[in-house]
Amino acid sequence: MQGVGYRFFAQRAANTLGVRGYVKNLADGRVEVYAIARNEILVVFREQLKRGPRFASVDEVAEAEAELLPQYEDEFSIEHES
């Protein structure tokens, strides 16, 4: 998904919906999104992530529960894989 502005798309969508968390490219070409919001907002956010930005082709959006990471509760950021 890299090279089509997906991280910036995800950040804009998150900020519009009030989602907190992060988005980052992974070394294998996938994109990881960690999202904190009410369930009904996460449903809308997931649909936007499935659509993706113009010129993107999203093959799959997998979803998993994750522990709450307090350092991401205040904003939605673009991270870099460490």
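Described in the following lines is the structure provided in the data block. (Residues numbered from 1 in each chain as written. Predicted model: local features only at pLDDT ≥ 70, side-chain atom pairs only at ≥ 80, totals over all residues. Heavy atoms only, no water.)

Now for the overall build of the chain. Within the chain, the secondary structure is distributed over two helices and three strands. Reading the chain from its N end, one meets helices and strands in the order α-β-β-α-β. Taken along the three principal axes of its C-alpha coordinates, the chain extends 30 × 30 × 20 Å. Across the 82 residues in the chain, those meeting the buried criterion constitute 29%. Within the chain, residue pairs in contact and separated by at least 24 positions form 67% of the contacts whose partners lie at least 6 positions apart. Accessible area of the chain: about 5,700 Å², with a carbon and sulfur share of 46%. (Helix = DSSP H or I, 4+ residues; strand = E, 2+ residues; numbered from the N terminus. Buried < 20%, exposed > 50% of the residue type's maximum accessible area, 1.4 Å probe, protein only. Contact = heavy atoms within 4.5 Å. Areas by Shrake-Rupley, 256 points an atom, 1.4 Å probe, with all protein chains shown as cover.)

Here we take up the pairing of strand β1 (residues 20–25). Of all six residues making up β1, five are buried, and the element is well covered by its neighbours. Sheet topology note: the β1/strand β2 (residues 31–36) ladder contains six bridges and is antiparallel. Its bridge partner lying in β2, G21 is registered against A35. Where β1 folds back on β2, the antiparallel hairpin that results is connected by five residues, among which G29 adopts a positive phi of roughly 95°. Relative to strand β3 (residues 76–78), β1 runs parallel, the two sharing three bridges. Paired with G21 across the bridge in β3 is F76. (Pairing = 2+ DSSP bridges.)

What follows covers the side chain of K24. Along the chain, the position of K24 falls in strand β1. For K24, a relative accessible area of 16% corresponds to the buried category. For K24, the contacting residues outside a window of four places in its chain are R7, R30, V31, E32, E79, H80 and E81.

In a regular helix each residue adds 1.5 Å, so twelve residues correspond to 16 Å; helix α1 (residues 6–17) covers 16 Å between its end C-alpha atoms and thus fits that length. By the burial criterion, the buried members of α1 are Y6, R7, F9, A10, A13 and A14. Projected down its long axis, α1 shows its buried positions confined to an angular sector of 160°, all on one face. Among the exposed residues of α1, those pointing more than 90 degrees away from its buried face are R12 and T16. G18 occupies a position one or two residues after α1 and carries a positive phi of about 80°. (Expected span 1.5 Å × (residues − 1). Arc of directions from axis to C-beta.)

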